[in-house]
Amino acid sequence: MDQAAPALPPRSTKPVSSTMNNNCLPPPVYSLQDAEWYWGDITREEVNEKLCDTPDGSFLVRDASTKLQGDFTLTLRKDGHNKLIKIYHCDGKYGFSDPLTFSSVVELIWHYQHHPLVEYNAMLDLMLTHPVSRFQQVSKHHVDVAGRNLKKYHSQYQDKSKEFDHLYEAFTKTSQEIQMKRTAIEAFNETMLIFEEQCREQERYGEEFEMNNQSEGAEKDLESFLINYEKLKCRLGEIYDSKVHLEEDLRTQVEDYRETDRKINSLRPDLIQLRNIRDQYLNWLNHKGVRQKRINDWLGIQNDSLDDTYVLKGDEDKLPHHDEASWFVGELSRTQAEEMLQGKASGTFLIRESSKQGCYACSVVVNEEVKHCMIYSTPHGYGFAEPYDVHCSLKHLVLHYRLNSLAQHNDALDVRLSHPVHAAAPATSSQHTEEHKLLQTAKHTAGLPPAAPEM
């Protein structure tokens, strides 16, 4: 039976700001009608059907049963039950309770896709992680249908990644060329100053020469002097023309640079959307216990060393990954990290502050060897490399790579972040059939810059 989460009374503390923090992507700019999770006027029974057997964090938004314009209901999956939350609106603002701080339903949902709902209700200790898409809802009536769709969207995701790589390469190359042209223009300016000073010196010398030299033969010397002076001015004109031509090229290249930047930014939402759709199918297939080898075939992965069984793990909310203290160790050197991870099972990991300012380092055991890679903090979020810098927190990154292999960034890191270093020791091989073994995603071969080794 549906259970409606109780509304909290108006808060006396500072309201939650609708503005995302600097480590998250800004709220998307599209209408409610274009949102994949908005289903419009559907019944509660239809909602229950669509959310049946979905994991915690699955959600959708529909028109409220009151049928009043501007009234909506968020239905969220939590502990195997549906929670109904009314979305209030007043004077163009939206929210779950007073004060209403969001300018649209899209912004409200986007916020709670990146922040836990405990901000609204202390009992809802989860985020809106799995939108139930009305465009590409995972069908559960046939595994083959989901598998073919997984293959299709994974292929589209790879194609978009290649397109992104091509644009990013052009973006980087153009950036370097622009810098070189600006340096050359500065050199032209300095050279022109030298030549202009020489011209002024020549003019002063010529005036003095005419005044002080009236002897025979002086006329010939003056003629020679004037020829040299004209050559100097001609060379100065050539330098000026070259500079003007270079400045025109620079203006054109800057426009190309900006256009490439716009294309890159427009591709980011497509990449994230395709990845989310792909992961919906993947998660559903995992929940159905589909064998790894079959999923690998759909994804085009050739790796016989991977386990070929998927078994659903019980309560995901009890995963040690949710406790940052189980994997974040703060200030720790590379050598100390290796000592801490020595002899641990493959997939055991920790995250520490990097020696590079503003970055972090992930140290993980891969086949009995400790590997290190940099985690970048960019205006878009945390990640190992673009366009994967979309995680709004280190915890969000850790939870993502618990399910996905690091091999998509670096071939030498064919492992998942399975076991936080301070968590209980992982199960032995005889117990692995009781664990949820999730797919190691395909290695990315489109030329994306690999995750940088941590120095």
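See above for the structure.
Quick caveat, the model's predicted, so the values are computed rather than measured. (Residues numbered from 1 in each chain as written. Predicted model: local features only at pLDDT ≥ 70, side-chain atom pairs only at ≥ 80, totals over all residues. Heavy atoms only, no water.)

*Asks:* Is there a simple way to explain unusual backbone geometry in this structure?
*Replies:* Excluding glycine, residues mostly carry a negative phi; peptide bonds, for their part, are mostly trans. Cis geometry marks the peptide bond from Asp98 to Pro99, where omega comes out at -5°. Mapped onto the elements, Pro99 comes out in the loop between strand S5 (93-95) and helix H2 (105-112). In this structure, Asp79 takes a positive phi of about 55° despite not being glycine. Tracing the backbone shows Asp79 in the loop between strand S3 (72-78) and strand S4 (81-90). What makes Asp79 partly exposed here is its relative accessible area of 46%. (Helix = DSSP H or I, 4+ residues; strand = E, 2+ residues; numbered from the N terminus. Buried < 20%, exposed > 50% of the residue type's maximum accessible area, 1.4 Å probe, protein only.)

*Asks:* Would you mind showing me how to read helix H5 (residues 292-299) here?
*Replies:* Burial in H5 covers these residues: Gln292, Ile295, Asn296, Trp298 and Leu299. On an axial view of H5, the arc spanned by its buried residues comes to 160°, and they lie on one face. Of the residues one or two after H5, Gly300 is the one with positive phi, at around 75°. (Arc of directions from axis to C-beta.)

*Asks:* What am I meant to see in the nonpolar core here?
*Replies:* In a soluble, globular protein the nonpolar side chains are often hidden away together inside. In terms of nonpolar packing, the biggest core is built from 24 residues, with Trp37, Leu74, Ile87 and Phe96 touching the most fellow members. Counting only elements with at least two residues in this core, the list comes to strand S2 (58-63), S3, S4 and H2. Of the residues forming this core, the biggest block, five residues, is contributed by H2. Ranked by size, the runner-up nonpolar core spans 21 residues in total, among them Ala146, Phe171, Val290 and Ile301. (Core = buried A, V, L, I, M, F, W, Y, C linked by side-chain atoms within 4.5 Å.)

*Asks:* So what exactly am I meant to see when it comes to the pairing of S3 here?
*Replies:* Side chains on a regular strand alternate between the two faces of the sheet. In terms of residue burial, S3 counts as a mostly covered element, since seven of its seven residues are buried. Neither face of S3 is open: one carries Phe72, Leu74, Leu76 and Lys78, the other Thr73, Thr75 and Arg77, and all of them are buried. Pairing analysis gives five bridges linking S2 to S3, with the strands arranged antiparallel. Bridge pairing links Asp63 to Phe72 in S3. When S3 meets S4, the two strands line up antiparallel, connected through seven bridges. In the strand pairing of S4, Thr73 is matched with Lys86. Linking S3 back to S4 in an antiparallel pair, the connection comprises two residues, with Asp79 at a positive phi of about 55°. (Pairing = 2+ DSSP bridges.)

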